[in-house]
Amino acid sequence: DAGITQSPRHKVTETGTPVTLRCHQTENHRYMYWYRQDPGHGLRLIHYSYGVKDTDKGEVSDGYSVSRSKTEDFLLTLESATSSQTSVYFCAHRGVGAGEAFFGQGTRLTVV
Amino acid sequence: TQLLEQSPQFLSIQEGENLTVYCNSSSVFSSLQWYRQEPGEGPVLLVTVVTGGEVKKLKRLTFQFGDARKDSSLHITAAQPGDTGLYLCAGTEAAGNKLTFGGGTRVLVKP
């Protein structure tokens with residue numbers, strides 16, 4: 001158990017609706033990350049957080065926002081979902097330094 | 001263009017053969033990691049390298065970090081079907097705390 005859970009695990013939503021994905025960790029790690037994974041692209045960083053209320057953009061942040069009001073929770077919001085946001089979303093947490101990143105099991109999001 | 005470029009994207013080999021996966025960048029990394037991912041699961045760490053020129057061995061897997069800390073390689077000796085999976089390199093740049101991944105190399109080892 002990596003001490004990190006994502007919810008929901010699967011979601012189907014309609015174009016134009018808002019969607020929030022939740023990531024919860026129990027390890028009190030400082031750094032948390034949201035990635036999306038699409039065929040042929042590996043993992044692409046959407047946003048990351050380096051502390052409560054401290055977040056920064058990754059390489060594919062357009063159309064996404066995040067919030068971190070508590071150490072243990074990192075929320076990813078799609079304000080108005082589009083079909084191009086159909087993907088598998090992974091959350092990860094990591095301690096300070098070159099430590100291992102621990103991943104959740106992913107959320108498969110389909111926008112129809 | 002991704003910060004970390006992995007090659008090849010796909011490798012299919014017979015059991016017992018050797019293989020090498022490369023991870024290259026124009027940026028300097030304070031550390032570089034290799035992960036392996038199974039279908040339906042999140043990536044799991046194999047190794048972290050932090051010193052330029054460092055070589056680490058994990059059973060039949062050998063990892064090398066380039067002298068300039070811009071590239072890395074993963075070599076598997078006498079591959080087995082259990083080595084099949086998606087291999088991902090990931091780096092933390094010297095100036096920040098982003099963890100950036102390469103595009104991945106899908107390895108298939110046929111019995």
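The structure displayed is predicted, hence computed values, not measured ones. (Residues numbered from 1 in each chain as written. Chains lettered and ligands numbered in written order. Predicted model: local features only at pLDDT ≥ 70, side-chain atom pairs only at ≥ 80, totals over all residues. Heavy atoms only, no water.)

Our next topic: the pairing of strand β5 (residues 43-51) of chain A. Residue and element names in this part refer to chain A. Burial analysis of β5 places 8 of its 9 residues in the buried class, which makes it a mostly covered element. Relative to β5, strand β4 (residues 31-37) runs antiparallel, the two sharing 6 bridges. Residue pairing across strands places Q37 opposite L43, the latter belonging to β5. As paired strands, β5 and strand β6 (residues 54-57) are joined by 4 bridges and run antiparallel to one another. For H47, the partnering residue across the bridge sits in β6 and is K57. Connecting the antiparallel pair β5 and β6 is a turn made up of 2 residues, with K53 showing a positive phi of about 65°. (Buried < 20%, exposed > 50% of the residue type's maximum accessible area, 1.4 Å probe, protein only. Helix = DSSP H or I, 4+ residues; strand = E, 2+ residues; numbered from the N terminus. Pairing = 2+ DSSP bridges.)

The interface of chain A with chain B comprises 23 residues on the first partner and 23 residues on the second. Summing both sides of the interface, chain A and chain B together bury roughly 1,700 Å²; the carbon and sulfur share of this comes to 50%. Here chain A and chain B share 0 salt bridges between them. Applying the counting rule to chain A against chain B returns 6 residue pairs in polar contact (both at pLDDT 80 or more). For the side of chain A that touches chain B, the secondary structure elements donating two or more residues are β4, β5, β9 (87-94) and β10 (101-103) of chain A. Among the residues making up the side of chain A that touches chain B, the classes are represented as 10 nonpolar, 7 polar and 6 charged. (Contact = heavy atoms within 4.5 Å. Buried area = accessible area lost by both parts, 1.4 Å probe. Salt bridge = Lys/Arg side-chain N within 4 Å of Asp/Glu carboxyl O. Polar contact = N/O pair within 3.5 Å; in protein donor to acceptor, adjacent residues only side chain to side chain. Nonpolar A, V, L, I, M, F, W, Y, C, P; charged D, E, K, R; others polar.)

Residues and elements named next belong to chain A. With antiparallel pairing, the 4 strands of this open sheet are ordered in space as β1-β3-β8-β7. The sheet is open, and its two borders are formed by β1 (4-7) and β7 (64-70), each paired with just one other strand. The average angle at which neighbouring strand axes cross in this sheet is 20°, direction not considered. Pairing analysis gives 6 bridges linking strand β3 (residues 19-25) to strand β8 (residues 73-78), with the strands arranged antiparallel. Directly across from V19, in β8, lies its bridge partner L78. (Axes fitted to C-alpha atoms, helices over the stretch in contact; angles between N-to-C directions.)

As a further point, take the pairing of β7(A). Residue and element names in this part refer to chain A. Looking at chain direction, β7 and β8 are connected through 5 bridges and run antiparallel. Residue pairing for β8: S65 is matched across the bridge by T77. Remark: 2 residues form the turn of the hairpin made by β7 and β8, two consecutive strands paired antiparallel.

What the rule picks out here adds up to 10 aromatic pairs over all chains. On the numbers, 6.0 Å between centres and 20° between planes, the contact of A:Y33 with A:Y48 is stacked. Residue A:Y33 is found in strand β4, and its partner A:Y48 is found in strand β5; the two are separated by 15 residues along the sequence. A:Y48 carries the same exposure label as A:Y33, and that label is buried. Between A:Y48 and A:Y50 the ring centres are 6.2 Å apart and the planes differ by 50°, which places this aromatic pair in the tilted class. Given the relative accessible area of 30%, A:Y50 is considered partly exposed. By the ring-pair criterion, three or more aromatic residues cluster together here, those being A:Y33, A:Y35, A:Y48, A:Y50, A:F90, A:F103, B:Y35 and B:F101. (Phe/Tyr/Trp six-rings, centres within 6.5 Å; stacked < 30°, edge-to-face > 60°.)

Attention now goes to the state of the cysteines. Two cysteines whose sulfur atoms are joined by a covalent bond form what is called a disulfide. Residues and elements named next belong to chain A. For the structure shown, the criterion picks out 2 disulfides over all chains. Between the sulfur atoms of C23 and its disulfide partner C91 the distance amounts to 1.8 Å. Looking down the S-S bond of the C23 and C91 bridge, the torsion is -75°, so its handedness is left-handed. Remark: C91 occurs in strand β9 and C23 occurs in strand β3; sequence separation between them is 68 residues. Pair check on accessibility: C23 and C91 agree, each one buried. (Disulfide = S-S within 2.5 Å.)

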